[in-house]
Amino acid sequence: MKRQANLIVGLQWGDEGKGKIVDHMAQTHDYVCRFAGGHNAGHTIVVGDKTYALHLIPSGVLNPKAINIVGNGVVFSPSDFIKEMEQFDNLEGRLYLSDKAQLLLSYHSKIDQARERMKGDKAIGTTGKGIGPAYGDKVARVGHRLGELHNPQKLTKKILEYFKMNSAIFDVMGVDTPNEDELLSELIEYKEVLEPYITDTTLLVWKALDEGKKVLLEGAQGTMLDIDHGTYPYVTSSTTVSAGACSGLGLNPKDIGAVTGIAKAYCTRVGNGPFPSEDLGEDGERLRKSGHEYGTTTGRPRRCGWFDAVAMRHAVRINGVEQVALMKLDVLDGFKEIKVCVAYEVEGNRIDYVPYDLEDATAIYEIFDGWENSCGARSFEELPKNAQEYILSLEKMINCPIGIISTSPEREDTIIR
Ligand code: GDP
Ligand code: IMO
Ligand code: MG
(Lines give C-alpha, C1' and ligand atoms only; values in the text may rest on other atoms or scores of the structure.)
(Ligands and ions follow the chains in the order given, each with its own letter.)
Protein backbone atom coordinates (compact mmCIF):
# COMPACT_ATOMS: atom_id res chain seq x y z
CA MET A 1 0.00 0.00 0.00
CA LYS A 2 1.27 3.45 -0.99
CA ARG A 3 1.41 5.71 2.05
CA GLN A 4 1.46 9.23 0.75
CA ALA A 5 0.13 12.58 1.84
CA ASN A 6 -2.24 14.63 -0.34
CA LEU A 7 -1.21 18.20 -0.91
CA ILE A 8 -3.10 21.43 -1.52
CA VAL A 9 -1.31 24.50 -2.89
CA GLY A 10 -2.35 27.93 -4.13
CA LEU A 11 -1.58 28.54 -7.80
CA GLN A 12 -1.99 32.32 -8.04
CA TRP A 13 -1.18 35.19 -5.64
CA GLY A 14 -2.94 33.68 -2.62
CA ASP A 15 -6.58 33.84 -1.48
CA GLU A 16 -7.60 31.34 -4.14
CA GLY A 17 -10.04 29.59 -1.79
CA LYS A 18 -7.66 27.04 -0.25
CA GLY A 19 -9.52 27.15 3.08
CA LYS A 20 -12.78 25.94 1.53
CA ILE A 21 -11.13 23.01 -0.26
CA VAL A 22 -8.91 22.00 2.68
CA ASP A 23 -12.02 22.01 4.89
CA HIS A 24 -13.88 19.95 2.26
CA MET A 25 -11.08 17.40 1.96
CA ALA A 26 -10.40 17.40 5.71
CA GLN A 27 -13.72 15.62 6.21
CA THR A 28 -12.08 12.49 4.75
CA HIS A 29 -8.57 12.93 6.19
CA ASP A 30 -7.14 12.02 9.60
CA TYR A 31 -4.40 14.69 9.69
CA VAL A 32 -4.19 18.24 8.31
CA CYS A 33 -0.72 19.84 8.35
CA ARG A 34 0.38 23.43 7.64
CA PHE A 35 3.92 23.63 6.29
CA ALA A 36 4.75 27.28 5.52
CA GLY A 37 3.91 30.92 6.10
CA GLY A 38 2.51 32.41 9.26
CA HIS A 39 -0.43 34.55 10.28
CA ASN A 40 -0.11 36.46 7.00
CA ALA A 41 -2.41 33.68 5.73
CA GLY A 42 -6.15 34.09 6.01
CA HIS A 43 -8.14 30.98 5.12
CA THR A 44 -11.90 31.41 5.18
CA ILE A 45 -14.29 28.56 5.84
CA VAL A 46 -18.05 28.96 5.69
CA VAL A 47 -20.22 26.35 7.39
CA GLY A 48 -23.92 27.24 7.43
CA ASP A 49 -24.25 30.69 8.96
CA LYS A 50 -20.79 30.61 10.60
CA THR A 51 -17.65 31.99 8.96
CA TYR A 52 -14.21 31.16 10.31
CA ALA A 53 -11.04 33.02 9.32
CA LEU A 54 -8.02 30.88 10.12
CA HIS A 55 -4.49 32.27 10.12
CA LEU A 56 -2.23 29.75 11.84
CA ILE A 57 -4.55 26.94 12.86
CA PRO A 58 -4.84 24.37 10.05
CA SER A 59 -8.19 24.30 8.26
CA GLY A 60 -8.79 20.73 9.49
CA VAL A 61 -9.87 22.14 12.83
CA LEU A 62 -13.51 22.06 11.76
CA ASN A 63 -13.42 18.29 11.39
CA PRO A 64 -13.59 17.17 15.04
CA LYS A 65 -11.89 13.90 14.15
CA ALA A 66 -8.88 15.41 12.36
CA ILE A 67 -5.53 15.99 14.01
CA ASN A 68 -3.95 19.32 13.07
CA ILE A 69 -0.24 19.96 12.80
CA VAL A 70 1.71 23.20 12.47
CA GLY A 71 5.01 22.19 10.89
CA ASN A 72 8.58 23.41 11.30
CA GLY A 73 8.36 25.50 8.11
CA VAL A 74 5.89 27.90 9.73
CA VAL A 75 6.79 31.18 11.44
CA PHE A 76 4.72 31.11 14.58
CA SER A 77 3.33 34.05 16.53
CA PRO A 78 2.31 32.75 19.99
CA SER A 79 0.14 35.78 20.80
CA ASP A 80 -1.84 35.56 17.55
CA PHE A 81 -2.14 31.80 17.84
CA ILE A 82 -3.48 31.98 21.38
CA LYS A 83 -6.08 34.54 20.27
CA GLU A 84 -7.09 32.30 17.37
CA MET A 85 -7.43 29.24 19.63
CA GLU A 86 -10.07 31.02 21.70
CA GLN A 87 -12.67 30.45 18.93
CA PHE A 88 -12.51 26.71 19.54
CA ASP A 89 -13.13 24.32 22.43
CA ASN A 90 -10.11 22.63 23.98
CA LEU A 91 -7.82 21.51 21.16
CA GLU A 92 -5.55 19.30 23.28
CA GLY A 93 -4.98 15.94 21.61
CA ARG A 94 -5.93 17.22 18.18
CA LEU A 95 -3.42 19.99 17.62
CA TYR A 96 0.38 19.78 17.64
CA LEU A 97 3.01 22.44 17.07
CA SER A 98 6.50 21.73 15.81
CA ASP A 99 9.24 22.48 18.34
CA LYS A 100 11.32 23.55 15.33
CA ALA A 101 8.88 26.21 14.05
CA GLN A 102 10.43 29.69 14.22
CA LEU A 103 9.08 32.08 16.81
CA LEU A 104 7.63 35.28 15.41
CA LEU A 105 7.51 37.91 18.18
CA SER A 106 6.12 41.44 18.27
CA TYR A 107 9.45 43.00 17.29
CA HIS A 108 9.35 41.17 13.96
CA SER A 109 6.18 42.98 12.95
CA LYS A 110 7.66 46.32 14.10
CA ILE A 111 10.72 45.67 11.90
CA ASP A 112 8.48 44.63 8.99
CA GLN A 113 6.45 47.84 9.24
CA ALA A 114 9.56 50.02 9.66
CA ARG A 115 11.17 48.49 6.55
CA GLU A 116 8.02 49.03 4.54
CA ARG A 117 7.90 52.68 5.62
CA MET A 118 11.55 53.14 4.65
CA LYS A 119 10.93 51.64 1.20
CA GLY A 120 8.33 54.31 0.41
CA ASP A 121 6.86 53.74 -3.05
CA LYS A 122 8.97 50.58 -3.45
CA ALA A 123 7.15 48.96 -0.52
CA ILE A 124 6.16 45.31 -1.03
CA GLY A 125 2.78 45.88 0.56
CA THR A 126 3.35 43.15 3.16
CA THR A 127 0.73 42.21 5.68
CA GLY A 128 2.92 43.93 8.29
CA LYS A 129 2.82 40.80 10.43
CA GLY A 130 6.60 40.32 10.64
CA ILE A 131 6.89 37.42 8.21
CA GLY A 132 9.98 38.64 6.30
CA PRO A 133 12.00 39.53 9.43
CA ALA A 134 11.11 36.20 11.11
CA TYR A 135 12.19 34.13 8.09
CA GLY A 136 15.20 36.46 7.71
CA ASP A 137 16.31 35.67 11.27
CA LYS A 138 15.82 31.97 10.57
CA VAL A 139 18.15 31.87 7.57
CA ALA A 140 20.61 34.27 9.22
CA ARG A 141 20.64 31.75 12.10
CA VAL A 142 19.74 34.31 14.72
CA GLY A 143 16.12 33.24 15.17
CA HIS A 144 14.51 31.40 18.07
CA ARG A 145 12.46 28.24 17.90
CA LEU A 146 9.20 27.27 19.55
CA GLY A 147 10.96 24.53 21.53
CA GLU A 148 12.91 27.24 23.35
CA LEU A 149 9.73 28.20 25.19
CA HIS A 150 10.50 25.24 27.48
CA ASN A 151 13.07 27.53 29.16
CA PRO A 152 11.72 31.11 29.17
CA GLN A 153 14.60 32.45 31.31
CA LYS A 154 17.22 31.25 28.82
CA LEU A 155 15.15 32.48 25.87
CA THR A 156 14.75 35.94 27.45
CA LYS A 157 18.55 36.23 27.74
CA LYS A 158 19.01 35.15 24.12
CA ILE A 159 16.46 37.67 22.84
CA LEU A 160 18.13 40.48 24.79
CA GLU A 161 21.51 39.45 23.29
CA TYR A 162 19.89 39.62 19.84
CA PHE A 163 18.73 43.18 20.58
CA LYS A 164 22.22 44.16 21.73
CA MET A 165 23.67 42.84 18.47
CA ASN A 166 21.13 44.80 16.39
CA SER A 167 20.85 47.93 18.51
CA ALA A 168 22.23 50.38 15.91
CA ILE A 169 19.77 49.38 13.19
CA PHE A 170 16.85 48.96 15.60
CA ASP A 171 17.42 52.50 16.87
CA VAL A 172 17.03 53.84 13.32
CA MET A 173 13.88 51.78 12.86
CA GLY A 174 12.40 52.87 16.17
CA VAL A 175 12.24 49.30 17.51
CA ASP A 176 12.67 49.39 21.30
CA THR A 177 14.50 46.78 23.34
CA PRO A 178 11.95 44.90 25.46
CA ASN A 179 11.96 45.29 29.20
CA GLU A 180 13.50 42.09 30.65
CA ASP A 181 10.79 41.40 33.25
CA GLU A 182 7.96 42.06 30.82
CA LEU A 183 9.53 39.85 28.17
CA LEU A 184 10.06 37.04 30.66
CA SER A 185 6.48 37.14 31.89
CA GLU A 186 5.20 37.19 28.28
CA LEU A 187 7.26 34.10 27.45
CA ILE A 188 6.15 32.32 30.64
CA GLU A 189 2.54 32.92 29.65
CA TYR A 190 3.17 31.47 26.17
CA LYS A 191 4.86 28.45 27.75
CA GLU A 192 1.92 27.83 30.08
CA VAL A 193 -0.64 27.84 27.27
CA LEU A 194 1.36 26.23 24.48
CA GLU A 195 3.58 23.62 26.13
CA PRO A 196 1.01 20.79 25.92
CA TYR A 197 0.94 21.20 22.14
CA ILE A 198 4.67 21.50 21.37
CA THR A 199 6.35 18.33 20.11
CA ASP A 200 8.43 16.77 17.33
CA THR A 201 5.75 16.91 14.64
CA THR A 202 7.97 15.25 12.03
CA LEU A 203 7.82 12.00 14.03
CA LEU A 204 4.03 12.39 14.27
CA VAL A 205 3.58 12.77 10.51
CA TRP A 206 5.93 9.86 9.77
CA LYS A 207 3.97 7.66 12.20
CA ALA A 208 0.66 8.72 10.66
CA LEU A 209 1.90 7.82 7.17
CA ASP A 210 3.44 4.53 8.35
CA GLU A 211 0.12 3.56 9.93
CA GLY A 212 -1.71 4.26 6.67
CA LYS A 213 -3.56 7.30 8.03
CA LYS A 214 -4.87 9.85 5.52
CA VAL A 215 -2.73 12.96 5.68
CA LEU A 216 -3.53 16.29 4.02
CA LEU A 217 -0.91 19.04 3.64
CA GLU A 218 -2.27 22.60 3.60
CA GLY A 219 -0.32 25.22 1.67
CA ALA A 220 -0.53 28.92 2.40
CA GLN A 221 -0.12 31.93 0.08
CA GLY A 222 0.30 31.06 -3.61
CA THR A 223 2.86 30.03 -6.23
CA MET A 224 3.36 33.56 -7.57
CA LEU A 225 4.28 34.66 -4.02
CA ASP A 226 6.96 31.96 -3.66
CA ILE A 227 10.34 33.31 -2.54
CA ASP A 228 12.15 31.68 -5.52
CA HIS A 229 9.50 31.22 -8.18
CA GLY A 230 7.22 34.19 -7.65
CA THR A 231 7.44 37.84 -8.66
CA TYR A 232 10.53 38.63 -6.53
CA PRO A 233 10.91 40.88 -4.57
CA TYR A 234 7.11 41.29 -4.44
CA VAL A 235 6.66 37.92 -2.78
CA THR A 236 6.38 36.45 0.69
CA SER A 237 9.42 34.92 2.41
CA SER A 238 8.56 31.21 2.32
CA THR A 239 8.55 28.33 -0.13
CA THR A 240 4.87 28.29 -0.96
CA VAL A 241 5.14 25.65 -3.71
CA SER A 242 4.83 21.90 -3.18
CA ALA A 243 8.58 21.49 -2.48
CA GLY A 244 7.98 23.52 0.69
CA ALA A 245 5.74 20.76 2.03
CA CYS A 246 8.77 18.45 2.28
CA SER A 247 11.12 20.83 4.08
CA GLY A 248 8.31 22.41 6.09
CA LEU A 249 7.22 19.13 7.66
CA GLY A 250 10.20 16.79 7.35
CA LEU A 251 8.87 14.68 4.49
CA ASN A 252 10.70 13.32 1.47
CA PRO A 253 9.45 13.84 -2.11
CA LYS A 254 8.16 10.27 -2.27
CA ASP A 255 5.85 11.01 0.66
CA ILE A 256 3.87 13.40 -1.53
CA GLY A 257 0.86 11.88 -3.28
CA ALA A 258 -1.87 13.72 -5.18
CA VAL A 259 -1.34 17.47 -5.58
CA THR A 260 -4.46 19.62 -5.90
CA GLY A 261 -3.82 23.19 -7.04
CA ILE A 262 -6.32 25.89 -6.12
CA ALA A 263 -7.10 28.73 -8.53
CA LYS A 264 -9.83 31.29 -8.89
CA ALA A 265 -11.78 31.39 -12.18
CA TYR A 266 -10.30 34.91 -12.43
CA CYS A 267 -7.33 36.37 -10.56
CA THR A 268 -6.52 38.64 -7.62
CA ARG A 269 -3.47 39.91 -5.78
CA VAL A 270 -3.03 41.94 -2.56
CA GLY A 271 -0.01 44.19 -2.15
CA ASN A 272 2.32 45.57 -4.78
CA GLY A 273 4.12 43.99 -7.72
CA PRO A 274 3.39 42.97 -11.29
CA PHE A 275 -0.01 41.57 -12.26
CA PRO A 276 -0.27 41.50 -16.09
CA SER A 277 -3.95 40.52 -16.26
CA GLU A 278 -5.09 43.15 -13.73
CA ASP A 279 -8.22 45.04 -14.80
CA LEU A 280 -8.15 48.62 -13.54
CA GLY A 281 -11.51 49.48 -15.09
CA GLU A 282 -15.15 48.68 -14.41
CA ASP A 283 -14.73 44.92 -14.81
CA GLY A 284 -12.05 44.81 -12.11
CA GLU A 285 -14.30 46.82 -9.81
CA ARG A 286 -17.19 44.47 -10.51
CA LEU A 287 -15.05 41.39 -9.75
CA ARG A 288 -14.03 43.01 -6.43
CA LYS A 289 -17.65 43.72 -5.48
CA SER A 290 -19.14 40.37 -6.59
CA GLY A 291 -16.22 38.35 -5.22
CA HIS A 292 -16.02 40.32 -1.94
CA GLU A 293 -12.35 40.74 -2.70
CA TYR A 294 -11.09 42.28 0.51
CA GLY A 295 -8.19 40.70 2.43
CA THR A 296 -9.08 38.19 5.15
CA THR A 297 -6.01 39.22 7.17
CA THR A 298 -5.67 42.96 6.53
CA GLY A 299 -9.03 43.99 5.04
CA ARG A 300 -7.22 45.63 2.10
CA PRO A 301 -9.10 45.72 -1.23
CA ARG A 302 -7.65 43.02 -3.50
CA ARG A 303 -6.49 43.97 -6.99
CA CYS A 304 -8.66 42.08 -9.50
CA GLY A 305 -8.25 40.84 -13.04
CA TRP A 306 -8.57 37.90 -15.39
CA PHE A 307 -7.42 34.28 -15.28
CA ASP A 308 -3.79 34.12 -16.35
CA ALA A 309 -3.25 30.83 -18.20
CA VAL A 310 0.49 31.51 -18.67
CA ALA A 311 1.17 31.92 -14.95
CA MET A 312 -1.08 28.92 -14.35
CA ARG A 313 0.95 26.60 -16.61
CA HIS A 314 4.05 27.71 -14.70
CA ALA A 315 2.30 26.92 -11.41
CA VAL A 316 0.96 23.55 -12.59
CA ARG A 317 4.46 22.47 -13.63
CA ILE A 318 6.33 23.74 -10.55
CA ASN A 319 3.90 22.12 -8.13
CA GLY A 320 3.27 18.88 -10.02
CA VAL A 321 -0.45 19.59 -9.95
CA GLU A 322 -2.64 16.62 -10.92
CA GLN A 323 -5.95 18.41 -10.69
CA VAL A 324 -7.01 22.01 -10.33
CA ALA A 325 -9.87 23.17 -8.12
CA LEU A 326 -11.41 26.15 -9.93
CA MET A 327 -12.95 28.47 -7.36
CA LYS A 328 -15.49 31.30 -7.41
CA LEU A 329 -16.90 30.48 -10.85
CA ASP A 330 -20.14 32.15 -9.69
CA VAL A 331 -18.38 35.52 -9.43
CA LEU A 332 -18.19 35.57 -13.25
CA ASP A 333 -21.99 35.19 -13.54
CA GLY A 334 -23.53 38.03 -15.53
CA PHE A 335 -20.38 39.18 -17.37
CA LYS A 336 -21.10 39.49 -21.10
CA GLU A 337 -17.52 38.70 -22.00
CA ILE A 338 -14.81 37.00 -19.99
CA LYS A 339 -11.13 37.48 -20.76
CA VAL A 340 -8.32 34.96 -20.32
CA CYS A 341 -4.65 35.90 -20.58
CA VAL A 342 -3.21 33.37 -23.05
CA ALA A 343 0.26 34.87 -23.67
CA TYR A 344 2.36 37.91 -22.77
CA GLU A 345 3.86 40.60 -24.94
CA VAL A 346 7.39 41.52 -23.87
CA GLU A 347 9.32 44.13 -25.90
CA GLY A 348 7.12 43.47 -28.92
CA ASN A 349 7.47 39.68 -28.76
CA ARG A 350 4.75 37.19 -27.87
CA ILE A 351 5.87 34.73 -25.22
CA ASP A 352 4.05 31.85 -23.58
CA TYR A 353 6.12 31.41 -20.40
CA VAL A 354 6.69 33.46 -17.23
CA PRO A 355 9.69 35.71 -17.90
CA TYR A 356 12.41 36.80 -15.43
CA ASP A 357 10.53 40.01 -14.67
CA LEU A 358 6.76 40.04 -15.13
CA GLU A 359 6.85 43.84 -14.76
CA ASP A 360 7.64 44.10 -18.48
CA ALA A 361 4.84 41.79 -19.62
CA THR A 362 1.47 42.89 -21.03
CA ALA A 363 -1.38 40.42 -21.24
CA ILE A 364 -2.65 39.09 -24.58
CA TYR A 365 -6.26 38.00 -24.17
CA GLU A 366 -8.69 35.53 -25.68
CA ILE A 367 -12.33 36.43 -25.10
CA PHE A 368 -15.05 34.00 -24.05
CA ASP A 369 -18.84 34.43 -24.03
CA GLY A 370 -20.27 34.92 -20.57
CA TRP A 371 -23.16 33.19 -18.81
CA GLU A 372 -25.89 34.06 -16.33
CA ASN A 373 -26.17 31.65 -13.45
CA SER A 374 -23.64 29.14 -12.15
CA CYS A 375 -24.08 30.05 -8.49
CA GLY A 376 -24.80 27.04 -6.29
CA ALA A 377 -24.46 24.46 -9.09
CA ARG A 378 -23.48 21.04 -7.74
CA SER A 379 -22.90 19.10 -10.97
CA PHE A 380 -21.04 19.92 -14.17
CA GLU A 381 -24.21 19.33 -16.21
CA GLU A 382 -26.08 21.94 -14.13
CA LEU A 383 -23.62 24.63 -15.24
CA PRO A 384 -24.59 26.95 -18.12
CA LYS A 385 -23.15 25.74 -21.45
CA ASN A 386 -20.79 28.72 -21.78
CA ALA A 387 -19.40 28.09 -18.30
CA GLN A 388 -18.78 24.46 -19.25
CA GLU A 389 -16.99 25.59 -22.40
CA TYR A 390 -14.91 28.08 -20.41
CA ILE A 391 -13.74 25.30 -18.06
CA LEU A 392 -12.99 22.85 -20.88
CA SER A 393 -10.94 25.54 -22.68
CA LEU A 394 -8.99 26.40 -19.51
CA GLU A 395 -8.11 22.73 -19.02
CA LYS A 396 -6.52 22.66 -22.47
CA MET A 397 -4.62 25.89 -21.91
CA ILE A 398 -3.14 24.86 -18.57
CA ASN A 399 -2.41 21.20 -19.42
CA CYS A 400 -4.25 19.97 -16.37
CA PRO A 401 -7.68 18.58 -15.55
CA ILE A 402 -10.05 20.77 -13.52
CA GLY A 403 -11.45 18.12 -11.18
CA ILE A 404 -13.18 20.40 -8.68
CA ILE A 405 -15.34 23.48 -9.34
CA SER A 406 -16.64 25.74 -6.60
CA THR A 407 -19.81 27.75 -7.10
CA SER A 408 -20.29 29.47 -3.71
CA PRO A 409 -18.46 29.81 -0.37
CA GLU A 410 -20.58 26.97 1.11
CA ARG A 411 -19.08 23.53 1.68
CA GLU A 412 -21.74 21.74 -0.36
CA ASP A 413 -21.66 24.01 -3.42
CA THR A 414 -18.74 22.10 -4.86
CA ILE A 415 -18.66 20.07 -8.07
CA ILE A 416 -16.44 16.99 -8.05
CA ARG A 417 -16.07 15.75 -11.64
P1 GDP B 1 -7.52 31.24 0.91
O2 GDP B 1 -6.56 32.19 1.57
O3 GDP B 1 -6.95 30.62 -0.31
O4 GDP B 1 -8.06 30.20 1.86
O5 GDP B 1 -8.75 32.13 0.45
P6 GDP B 1 -9.49 33.29 1.30
O7 GDP B 1 -10.28 32.65 2.34
O8 GDP B 1 -8.53 34.35 1.70
O9 GDP B 1 -10.39 33.94 0.17
C10 GDP B 1 -11.32 33.21 -0.54
C11 GDP B 1 -12.72 33.83 -0.30
O12 GDP B 1 -13.61 33.34 -1.28
C13 GDP B 1 -13.33 33.47 1.03
O14 GDP B 1 -14.09 34.55 1.48
C15 GDP B 1 -14.24 32.30 0.70
O16 GDP B 1 -15.34 32.15 1.58
C17 GDP B 1 -14.71 32.69 -0.67
N18 GDP B 1 -15.03 31.57 -1.57
C19 GDP B 1 -14.42 30.36 -1.68
N20 GDP B 1 -14.96 29.67 -2.69
C21 GDP B 1 -15.91 30.43 -3.24
C22 GDP B 1 -16.79 30.29 -4.34
O23 GDP B 1 -16.78 29.30 -5.07
N24 GDP B 1 -17.64 31.33 -4.62
C25 GDP B 1 -17.64 32.46 -3.89
N26 GDP B 1 -18.50 33.43 -4.23
N27 GDP B 1 -16.82 32.65 -2.83
C28 GDP B 1 -15.97 31.65 -2.52
P1 IMO C 1 -3.31 33.16 1.95
O2 IMO C 1 -2.73 31.93 2.62
C3 IMO C 1 -2.67 36.81 -0.35
C4 IMO C 1 1.13 38.88 0.23
C5 IMO C 1 1.06 40.25 0.86
C6 IMO C 1 2.25 40.91 0.16
C7 IMO C 1 3.27 39.78 0.08
C8 IMO C 1 4.30 39.80 1.21
O9 IMO C 1 -4.50 33.70 2.66
O10 IMO C 1 -3.53 32.90 0.51
P11 IMO C 1 4.14 39.16 3.78
O12 IMO C 1 3.32 39.73 4.88
O13 IMO C 1 3.94 37.70 3.55
O14 IMO C 1 5.61 39.49 3.90
O15 IMO C 1 3.66 39.95 2.45
O16 IMO C 1 2.53 38.57 0.15
N17 IMO C 1 0.49 37.78 0.99
C18 IMO C 1 -0.70 37.24 0.68
N19 IMO C 1 -1.57 37.57 -0.29
N20 IMO C 1 -2.91 35.75 0.45
C21 IMO C 1 -2.04 35.39 1.40
O22 IMO C 1 -2.18 34.28 2.16
C23 IMO C 1 -0.88 36.17 1.59
N24 IMO C 1 0.18 36.14 2.43
C25 IMO C 1 1.01 37.11 2.05
O26 IMO C 1 -0.14 40.89 0.58
O27 IMO C 1 1.90 41.25 -1.16
MG1 MG D 1 -6.45 34.18 2.21
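Bringing the pairing of strand β11 (residues 256-264) into the picture now. By the criterion of burial, β11 is predominantly enclosed, with 8 of the 9 residues buried. For strand β1 (residues 5-10) and β11, the ladder comprises 5 bridges, and the chain directions are parallel. Residue pairing across strands places I8 opposite T260, the latter belonging to β11. In this sheet, strand β15 (residues 323-327) lies alongside β11 in parallel orientation, the contact comprising 5 bridges. Counted as the bridge partner of I262 is A325 from β15.

A word on the site of ligand 1. Taken together, the neighbourhood of ligand 1 is formed by 20 residues, with K18, G19, T44, D330 and S406 sitting nearest. With respect to ligand 1, the backbone of G17 contributes an N or O atom lying 2.8 Å from an oxygen atom. Within the side chain of D330, an N or O atom sits 2.7 Å from a nitrogen atom of ligand 1. A class-by-class count of the residues in the shell around ligand 1 yields 4 nonpolar, 9 polar and 7 charged.

Split into domains, the chain comes out as domain 1 (5-78 + 202-416) and domain 2 (102-196). Here the C-alpha centre of domain 2 lies 30 Å away from the C-alpha centre of domain 1. Listed by partner, the interface residues are 23 residues for domain 1 and 19 residues for domain 2. In terms of surface lost to domain 2, no three residues of domain 1 exceed V75, F76 and P78, which account for 35% of the buried area on that side. Taken together, domain 1 and domain 2 are joined by 0 salt bridges. Run the count over domain 1 and domain 2 and you get 9 residue pairs in polar contact (both at pLDDT 80 or more). In terms of residue class, the side of domain 1 that touches domain 2 is made up of 8 nonpolar, 14 polar and 1 charged.

In total, this model carries 18 salt bridges according to the counting rule given. With its nearest N and O atoms 3.0 Å apart, the salt bridge here joins D15 to R302. One end of the pair, D15, is in the loop between β1 and α1 (18-26); the other, R302, is in the loop between α10 (282-290) and β13 (303-305), with 287 residues separating them in the sequence. Accessibility expressed as a relative area gives 22% for D15, which makes it partly exposed. The class for R302 is buried, based on a relative accessible area of 5%. A salt bridge links E161 to K164, with the nearest nitrogen and oxygen atoms 3.8 Å apart.

By nearness alone, 21 residues border ligand 2, and D15, K18, H43, T127 and T236 come closest of all. The side chain of K18 places a nitrogen or oxygen atom 2.6 Å from an oxygen atom of ligand 2. Compared with its free state, where it exposes 550 Å², ligand 2 has 98% of that area covered by protein. Classifying every residue of the shell around ligand 2 by side-chain character gives 8 nonpolar, 10 polar and 3 charged. Taken domain by domain, the shell around ligand 2 gets at least three of its residues from each of domain 1 (5-78 + 202-416) and domain 2 (102-196).

Reading the values: rules and limits
Residues numbered from 1 in each chain as written. Chains lettered and ligands numbered in written order. Predicted model: local features only at pLDDT ≥ 70, side-chain atom pairs only at ≥ 80, totals over all residues. Heavy atoms only, no water. Buried < 20%, exposed > 50% of the residue type's maximum accessible area, 1.4 Å probe, protein only. Helix = DSSP H or I, 4+ residues; strand = E, 2+ residues; numbered from the N terminus. Pairing = 2+ DSSP bridges. Near = heavy atom within 4 Å. Polar contact = N/O pair within 3.5 Å; in protein donor to acceptor, adjacent residues only side chain to side chain. Nonpolar A, V, L, I, M, F, W, Y, C, P; charged D, E, K, R; others polar. Domains from an automatic or database assignment. Contact = heavy atoms within 4.5 Å. Buried area = accessible area lost by both parts, 1.4 Å probe. Salt bridge = Lys/Arg side-chain N within 4 Å of Asp/Glu carboxyl O. Areas by Shrake-Rupley, 256 points an atom, 1.4 Å probe, with all protein chains shown as cover.

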